[in-house]
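# Secondary and tertiary structure notes
Listed below, chain by chain, are the residues.
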Amino acid sequence: MSRRDPHSYADLEQGRVTHVDLDLDVDFATRRLTGTARLNLAAPAAGPLDLDTRTLTITGAVTQDGAAVPFELADTDPVMGARLRLNLPAGTTAIAITYATSPEASALQWLEPAQTDGGRHPYLFSQCQAIHARSVLPCQDSPLARFTFKAQMTVPEALTVVMAAAPGEKGPGARAGTRAFTFEMPQSIPPYLFAFAVGDIVSRDLGPRSRVYTEPKTLDRAAWEFADVDSMLLAAEDVFGPYLWDRFDFLVMPSSFPYGGMENPRLTFLTPTLLAGDRSLVNVLAHELAHSWTGNLVTNATIDDFWLNEGFTVWAERRIHEKLYGVEAQALSAAIGRNGLDDALASFGPNSPFTCLKTSGEGKDPDEFYSLVPYEKGFLFVSLLEQTVGREAFDVFIKKYIKHFSFTSITTEQFEEFMEKELPGVAAKVGAQDWIRKPDVPANAPSFTSAQLTSLKALAAGWSGGKRPDIATAKKWTPEDWQIFLQALPRQLSADDCKWLDDNFQLSAHGNCEILCNWLVIAANSGYAPTLPRTRKFLGEVGRMKYLKPLYTALHKSEATRALAKETFAEHGGGYHPIARGGIERILAG
Ligand code: BES
Ligand code: ZN
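Quick notes on the rules
Residues numbered from 1 in each chain as written. Chains lettered and ligands numbered in written order. Predicted model: local features only at pLDDT ≥ 70, side-chain atom pairs only at ≥ 80, totals over all residues. Heavy atoms only, no water. Helix = DSSP H or I, 4+ residues; strand = E, 2+ residues; numbered from the N terminus. Rg over C-alpha atoms; globule rule 2.2 N^0.38 Å. Buried < 20%, exposed > 50% of the residue type's maximum accessible area, 1.4 Å probe, protein only. Contact = heavy atoms within 4.5 Å. Lys, Arg positive; Asp, Glu negative; His and termini not counted. Charge placed at Lys NZ, Arg CZ, Asp CG, Glu CD. Donors = N, O, S within 2.8 Å, 3.2 Å for Na, K, Ca; no water. Tetrahedral: all angles 85-135°; square planar, octahedral: opposite > 155°, others 65-115°. Polar contact = N/O pair within 3.5 Å; in protein donor to acceptor, adjacent residues only side chain to side chain. Near = heavy atom within 4 Å. Areas by Shrake-Rupley, 256 points an atom, 1.4 Å probe, with all protein chains shown as cover. Nonpolar A, V, L, I, M, F, W, Y, C, P; charged D, E, K, R; others polar. Expected span 1.5 Å × (residues − 1). Domains from an automatic or database assignment. Buried area = accessible area lost by both parts, 1.4 Å probe. Salt bridge = Lys/Arg side-chain N within 4 Å of Asp/Glu carboxyl O.

Our next topic: the overall build of the chain. Counting its regular elements, the chain contains 20 helices and 19 strands. Its C-alpha atoms give the chain a radius of gyration of 24 Å, near enough to 25 Å, the size a compact globule of 590 residues would have. Out of the 590 residues belonging to the chain, those deemed buried represent 59%. Put simply, 70% of the contacts in the chain that link residues at least 6 apart link residues at least 24 apart. Considering the chain, the positive charge centre built from 57 side chains and the negative charge centre built from 70 side chains are found 2 Å apart.

Structure below.
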């Protein structure tokens, strides 16, 4: 046996699934997908083939010739799900598995019409990263097991299916009152990038290679907010080389989407909280776009190498940002990132194994140890490499790295080996071992600074001594300025100070969720009661964990607001995504 991914039962020596044909019927009444996954193997195989499943009901399995394939579903492990062991007759090249998903499938969120913008139609979406693809289809659910696929999805007539794949034909479905949509993904993907959504979804072209999809009510706002997508695509190609996924479309999700964005190839998913009305949060789009290279072309082999995906992508996101909006803006976003990293390090405590870049997550639920560390410590490490060899040489290296490993899934060790070959001696010079395998952030971390950053930090540092920003000047601050300032303020302020901030700058009514959330957390920590109704309302409007978690944590921390946290969760928790709900439950149980 040779399992190479601690979060998957797959053993690639038993056989490799390289292409999947899916045929699924979507039933909103029972909240189930039912149908067939035909798994095609790279070479004829015989004997055991282990697949990952979670809460799937398997009803049958046959070979390409229709011969029955005996199978056995093991007991469910809380992190891994249930291993499905097929016993392949000699010469098996494909297995058709008939199955149904569960209403509790961890990758799927089924929304009632009331949870959508339009309020008239139900909605369904998937979120497979990190290890939830196995709750949608039986598969080798490891990033090491890349596959191409074709899919047919049958849905109620009034609804549209979009998928992270190239759309093909659509027509009437086999059952009356349904429509069938077909898709094809000709480029091989790791299973966590399998994604689709079903709902009242429309679209608008934004450029020759890009289109925004969303519900009709949101289309105008979304098209305006992300109008820069084509220049981002060009900027990204400048850094990385050609875009290899044909199109870069994206879907603005219902508010319960638990992440900021998800880099599903050809169809990035984005939270509607990015629609600030001033394009101030488009860096998330740049981030997901950058994953088209770092993540989707060159993929982490396992979750323990997750920093290869996220660290490089944050670095790339900021390079794109710098190209479009200048060095000053880049320094501010790096500083905002560093603040987030310091918070994450503080919450893990010194010497925590979770603050290494290369982790050992075996036996642990990836949703539970998800943090900013692989993002921001990864970013610092990649930036350090860039600064050490110089931008020009590093740009050459990055393009080579992408080209060399395109459409493969690699370990941290493979990256190190490649780096040693291409940039000999650099790893030793920067202390790469410490960066990768030791906790916390080494002392040679690059720091990013600018005149504006220094003055904002000085202002915030002087707060306790009575220093206040000039009102007229602060009214002209950019959203990034505000984020830096709020992050640098003391975590607890007096009621008078809270009132002064809110009265002068209307922070509780801010349209930028980063600022709003930062502010509401400070106010909650300060025990400032006037913002609590806004906090409660906000917790019913958004489903993004980045905002839910700090707010519930702040409310739960204080005796005075603990009951409010519980009540708010009782009121809105049912609308949260299962992953978010689990995260909040852990906070409220703490
Ligand atoms: N791939 C991640 C989202 C993710 C990671 C989902 C792990 C599930 C498990 C995505 O690219 C991401 O990093 N999103 C960030 C935005 C970014 C600008 C840091 C987010 O959701 O906040
Ligand atoms: Zn990312």
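On we go.
Around the zinc ion (ligand 2), the protein contributes the donor atoms H287 (NE2), H291 (NE2), E310 (OE) and E310 (OE), which lie 1.9 to 2.7 Å from the metal centre. Here the zinc ion (ligand 2) is ringed by six donor atoms whose angles at the metal span 53 to 159 degrees, and the overall shape comes out irregular. Along the chain, the residues donating to the zinc ion (ligand 2) are arranged with the sequence spacing H-x3-H-x18-E. Pair noted here: H291 is in the loop between α3 (283–290) and β18 (298–300) and E310 is in helix α4 (residues 306–325), with a separation of 19 residues, a long-range link. E310 carries the same exposure label as H291, and that label is buried.

What follows is about the environment of H287. Looking at the element boundaries, H287 is found in helix α3. Relative accessible area serves as the criterion here: at 8%, H287 is assigned to the buried category. Separated by 25 residues in the primary sequence, H287 and F312 place their C-alpha atoms 9.9 Å from one another. Those residues in contact with H287, other than ones at most four positions away along the chain, are E310, T313, V314, E317 and Y375. Of note is the side chain of H287, whose polar atom sits 3.1 Å from the side chain of E310.

Here we take up the environment of D278. Checked against the element boundaries, D278 lands in the loop between β17 (267–270) and α3. Look at D278 and you get partly exposed, because its relative accessible area is 38%. It is 8.5 Å that separates the C-alpha atoms of D278 and N512, two residues lying 234 residues apart in sequence. Setting aside residues up to four positions removed in sequence, D278 forms contacts with W224, E225 and P479.

Turning next to unusual backbone geometry. Of note, the amide linkage connecting Q129 to A130 takes the cis form, showing an omega dihedral of 0 degrees. The residue A130 is located in the loop between β7 (123–126) and β8 (147–156) in this model. We note that D246 has phi near 65 degrees; this positive angle belongs to a residue other than glycine. Within the element layout of this structure, D246 appears in the loop between α2 (229–240) and β15 (249–252).

Around ligand 1, a shell composed of 18 residues is seen, among which Q129, G260, E263, E288 and Y375 lie nearest. H287 places a side-chain nitrogen or oxygen 3.1 Å from an oxygen atom of ligand 1. Within the side chain of R544, one N or O atom sits 3.4 Å away from an oxygen atom of ligand 1. When isolated, ligand 1 has an accessible area of 530 Å², and the protein chains bury 91% of it. Taken together, the elements giving at least two residues each to the shell around ligand 1 come down to β16 (261–262), α3 and α4. A breakdown of the residues in the shell around ligand 1 according to their chemical character gives seven nonpolar, six polar and five charged.

A few words on helix α16 (residues 513–525). Relative to the 18 Å expected for 13 residues at 1.5 Å per residue, α16 spans 18 Å between its end C-alpha atoms, a close match to the ideal helical length. When you tally the buried positions in α16, you get 13 out of 13 residues, the bulk of the element. The residue sitting at the N-terminus of α16 and contributing the capping side-chain oxygen is N512; that oxygen lies 2.9 Å from the backbone nitrogen of E514. Looking one or two places after α16, you find G527, whose phi comes out positive at around 65 degrees.

A few words on the domain arrangement of the chain. Domain parsing of the chain yields domain 1 (17–199), domain 2 (201–292), domain 3 (297–449) and domain 4 (453–589). With 29 residues of domain 1 at the contact, the number on the domain 2 side is 22 residues. Of the roughly 2,100 Å² buried where domain 1 meets domain 2, counting both sides, 62% is carbon and sulfur surface. Of all residues in domain 1, the largest losses of buried area upon contact with domain 2 belong to D117, Y123 and Q127, amounting jointly to 26% of the total for that side. Connecting domain 1 to domain 2 are zero salt bridges. At the junction of domain 1 with domain 2, the criterion picks out eight residue pairs in polar contact (both at pLDDT 80 or more). Elements with a contribution of two residues or more to the side of domain 1 that touches domain 2: β6 (108–111), β7, β9 (160–163), β11 (178–189) and β12 (196–199). Of all the elements, β11 adds the most residues to the side of domain 1 that touches domain 2, at five residues. Counted by class, the side of domain 1 that touches domain 2 contains 17 nonpolar, 11 polar and one charged residues.

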